[in-house]
Amino acid sequence: MLRLDCRFFLIALAAACSTPPPPTAADPLAAARCKQLVERALADNQAITLLGGLLQAAPKRLSGSPGSDAAVQWSLATMRAMGLVNVRAEPCLVPQWVRGEERAELLGQTAQPLRITALGGSIGTPDGGLEAEVVEVRSFEQLRELGEKARGKIVFFNRPMPRALRSVGQAYGEAVPQRSNGAIEAGKVGALAALVRSVTTAIDGNPHTGAMHYDDAVAKVPAAAIATADAEQLAKALQRGPVRMKLVLGCTQGPDVAGANAVGELAGSVTPERIVVVGGHLDAWDLGDGAHDDGAGCIHALEAVRLLQACGIRPRCTIRVVLFANEENGLRGARAYADTHRDELGKHVAALESDSGGFAPLGLTTSLRDEAAAAMQQKLLPLQDANAGTFLTGAGGCGADIGPLHNAGVACFGLLVNSQRYFDHHHTAIDTLAMVNERELALGAAVVAYTLSVLADG
Ligand SMILES: [Zn+2]
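> Which parts of the structure should I look at to understand the overall build of the protein?
In terms of regular secondary structure, the protein is built from 14 helices and 16 strands. In terms of overall dimensions, the protein has a C-alpha envelope of 70 × 45 × 40 Å along the principal axes. Burial status across the protein gives 57% buried among its 458 residues.

> What's the story with the sheet that holds strand S14 (residues 361-366) in this structure? I'm lost.
Backbone-to-backbone hydrogen bonds join strands into a sheet, with any given pair of strands oriented parallel or antiparallel. Taken in spatial order, the 8 strands line up as S1-S10-S12-S11-S13-S16-S14-S15 in an open sheet, and their pairing is mixed. Two strands close off the open sheet at either side, each with one partner strand: strand S1 (85-98) and strand S15 (390-392). Neighbour-to-neighbour, the strand axes of the sheet open up by a mean angle of 20°, direction not taken into account. Against the sheet, helix H4 (residues 66-81) makes contact with S1, strand S10 (252-266) and strand S12 (317-324), and its axis sits at roughly 5° relative to S10, the strand it touches most. The sheet strands contacting helix H10 (residues 332-340) are S1, S10 and S12, and the helix crosses S1 at an angle near 140°.

> Even after reading the chapter, I still don't get the sheet that holds strand S2 (residues 102-106), so can you show me in this structure?
The sheet built from 8 strands is open, its strands ordered S3-S2-S9-S5-S6-S7-S8-S4 with mixed pairing. Strands at the two margins of the open sheet, each flanked by one partner only, are strand S3 (112-114) and strand S4 (116-118). Within the sheet, the average angular offset between the axes of one strand and its neighbour, ignoring direction, is 30°. Taken together, the 4 bridges between strand S5 (residues 130-137) and strand S9 (residues 244-249) define a ladder with antiparallel strand orientation. Among the inter-strand pairings, Ala-132 is bridged to a residue of S9, identified as Met-245.

> Would you mind going over the domain arrangement of the protein with me for this structure?
Often the size quoted for an interface is simply the accessible area lost on bringing the parts together. As assigned here, the protein comprises domain 1 (7-96 + 255-455) and domain 2 (100-250). The C-alpha-based centres of domain 1 and domain 2 are spaced at 33 Å. Listed by partner, the interface residues are 19 residues for domain 1 and 20 residues for domain 2. Elements supplying a minimum of two residues to the side of domain 1 that touches domain 2: helix H1 (7-15) and helix H13 (422-425). Here the side of domain 1 that touches domain 2 takes 5 residues from H1, the largest share from any one element. Tallied by class, the residues present in the side of domain 1 that touches domain 2 amount to 10 nonpolar, 6 polar and 3 charged.

> What's the story with the confidence of the model for the protein in this structure? I'm lost.
Predicted coordinates in areas of low pLDDT are best not read in detail. The share of residues in the protein with pLDDT of 70 or more is 95%, and the mean pLDDT across the chain is 94. Predicted confidence for residues 1-17 stays below pLDDT 50, and this span has 49 contacts to residues more than four positions away or in other chains.

> Looking at this structure, how should I read helix H7 (residues 177-188)?
In an α-helix there are 3.6 residues to a turn, and that puts residues three or four apart on one side. Helix length check: H7 (12 residues) gives 15 Å between terminal C-alpha atoms against 16 Å at 1.5 Å per residue, within 8%. Most of H7 sits inside the fold, with 9 of its 12 residues counted as buried. Among all positions of H7, only Gln-178, Arg-179, Ser-180, Gly-182, Ala-183, Ile-184, Glu-185, Ala-186 and Gly-187 are buried. Packing partners of the buried residues in H7 comprise helix H5 (140-146), strand S6 (154-157), helix H6 (168-175), strand S7 (193-197) and strand S8 (223-226).

> Would you explain the pairing of S10 in this entry?
Put simply, side chains in a regular strand alternate between the two faces of the sheet. With 11 bridges joining them, S1 and S10 adopt antiparallel strand pairing. Residue pairing for S10: Glu-90 is matched across the bridge by Asn-261. Taken together, the 5 bridges between S10 and S12 define a ladder with antiparallel strand orientation. Considered in S12, the bridge of Glu-265 is made with Arg-320.

> Looking at this structure, I do not really get the nonpolar core. What am I missing?
Nonpolar side chains tend to gather and get buried jointly when the protein is soluble and globular. Residues Leu-51, Val-276, Ala-445, Ala-446 and Leu-452 are the most contacted members of the largest nonpolar core, which totals 101 residues. Tallying contributions element by element places helix H14 (residues 438-455) first for this core, with 12 residues. Counting only domains with at least three residues in this core, you end up with domain 1 (7-96 + 255-455) and domain 2 (100-250). With near-sequence residues (within four places) excluded, Leu-51 lies in contact with Ala-291, Gly-295, Ala-296, Ile-299, Leu-433, Val-436 and Leu-441. Core analysis: the second largest hydrophobic core is formed by 41 residues, Ala-104, Leu-119, Val-134 and Val-221 among them.

> Would you take a moment to explain unusual backbone geometry for this structure?
A negative phi angle is the norm for most residues apart from glycine, just as the trans form is the norm for most peptide bonds. Asp-294 follows Asp-293 through a cis peptide bond whose omega is 0°. Relative to the helices and strands, Asp-294 resides in helix H9 (residues 291-310). The residue Asn-45 is not glycine, and still its phi comes out positive at about 55°. Assignment of secondary structure puts Asn-45 in the loop between helix H2 (28-44) and helix H3 (46-57). Owing to 12 C-beta atoms within 10 Å, Asn-45 belongs among the exposed residues under this scheme. Backbone geometry places His-427, a non-glycine residue, at a positive phi of 65°. Locating His-427 in the fold gives a position in the loop between H13 and H14.

> Mind showing me how you'd approach the pairing of S14 here?
S14 sits mainly inside the fold: 6 of its 6 residues count as buried. Taken together, the 5 bridges between S14 and strand S16 (residues 411-417) define a ladder with antiparallel strand orientation. Bridge assignment links Leu-364 to a residue of S16, and that residue is Leu-415.

What counts and how
Residues numbered from 1 in each chain as written. Predicted model: local features only at pLDDT ≥ 70, side-chain atom pairs only at ≥ 80, totals over all residues. Helix = DSSP H or I, 4+ residues; strand = E, 2+ residues; numbered from the N terminus. Buried ≥ 20, exposed ≤ 12 C-beta atoms within 10 Å, placed from the backbone. Pairing = 2+ DSSP bridges. Axes fitted to C-alpha atoms, helices over the stretch in contact; angles between N-to-C directions. Contact = placed C-beta atoms within 7 Å. Domains from an automatic or database assignment. Nonpolar A, V, L, I, M, F, W, Y, C, P; charged D, E, K, R; others polar. pLDDT = per-residue confidence, 0-100. Expected span 1.5 Å × (residues − 1). Core = buried A, V, L, I, M, F, W, Y, C linked by C-beta atoms within 7 Å.

In structure tokens, the structure reads:
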């Protein structure tokens, strides 16, 4: 199945379970190296400056937009300025979806505007928009039971993201199918459109966009997300009686256009042909600036490599920074990387992705299991001093962009952060620099740097 956003990583994370035997004490030299990286990251405080630079150069960088080119150019210039080698753009084709006008309002006695946004990849409404009665459901099963009663209507998928789960990734995974597949299910029953409650536990006025799918065998209908506060109001209005809505979506899908992964390397000091990949995704949804998703992950990779150099640490293997194109709505960059480097995947020692936001690091996830995981956990023990000693094994690809590398047998790692606030602003207009704490971001970069020093010394 296509992995179109971060949720699959988070689901895998929630499923991670095996626990290696308790480790022994950390190696003193390794502990000193980790401490040096953490203190340097906090003292220099470069991560937030780098993130500000990316967001200033390319605040809007959805695949296929002018901002995505600007983001690649900023990344290449930044890599060159920090002394990386083999800096280049590796091309790939990316989809070009453009949002356009979007608005919705309740008609009749309850007339009021609603805060909505098109889901990524949605078709537009007919010229002038569409008007229809709204029907509310909380599950696909409920929609199927409605059957013909939903024909010609706007289906309002109002299942809340569950609050009780401690893992927000798991909670997201439970609610997000109505966003991913709601338009397909609405199309199956002859509805005119899908309106999906935003996938967040926050009750506010920010609609959350995100990827959605169509099935070529089912009539395509437009799909939008509604802010949770407005979803609550709409549900109350429906309790009082029938509700009609006008929906206008001007989004369009153009032909594929040129995009690129931004790549640069810190050459290995002993075995430069052996490679450790580190990265995040450079594209972001267009409503906000993608500060957490995934500007932070890109900066974790760049700042980690800067920290290694600043601390005089020369790993034996090459560390290759890859800032991937088109994670949010296609994964074309991830596939292009795996294709382009097919012949050298056997020389990939490991891959690490950060795509859970720039929050305080907790540790790592890994695809490793059993003895290999236990051996790695021993090497990562110094991270405990940074409160980042959690090590979740058997976690699959650990990041959507490195999923193809995981499938090719490369050991994968993901930066694990405290994500409790992640879905407050995920894919919204408020995913901005102001939401990122500079110390938390710097600590994440230090944890990535230390982990790279371990992975690239193998
Ligand atoms: Zn992401």
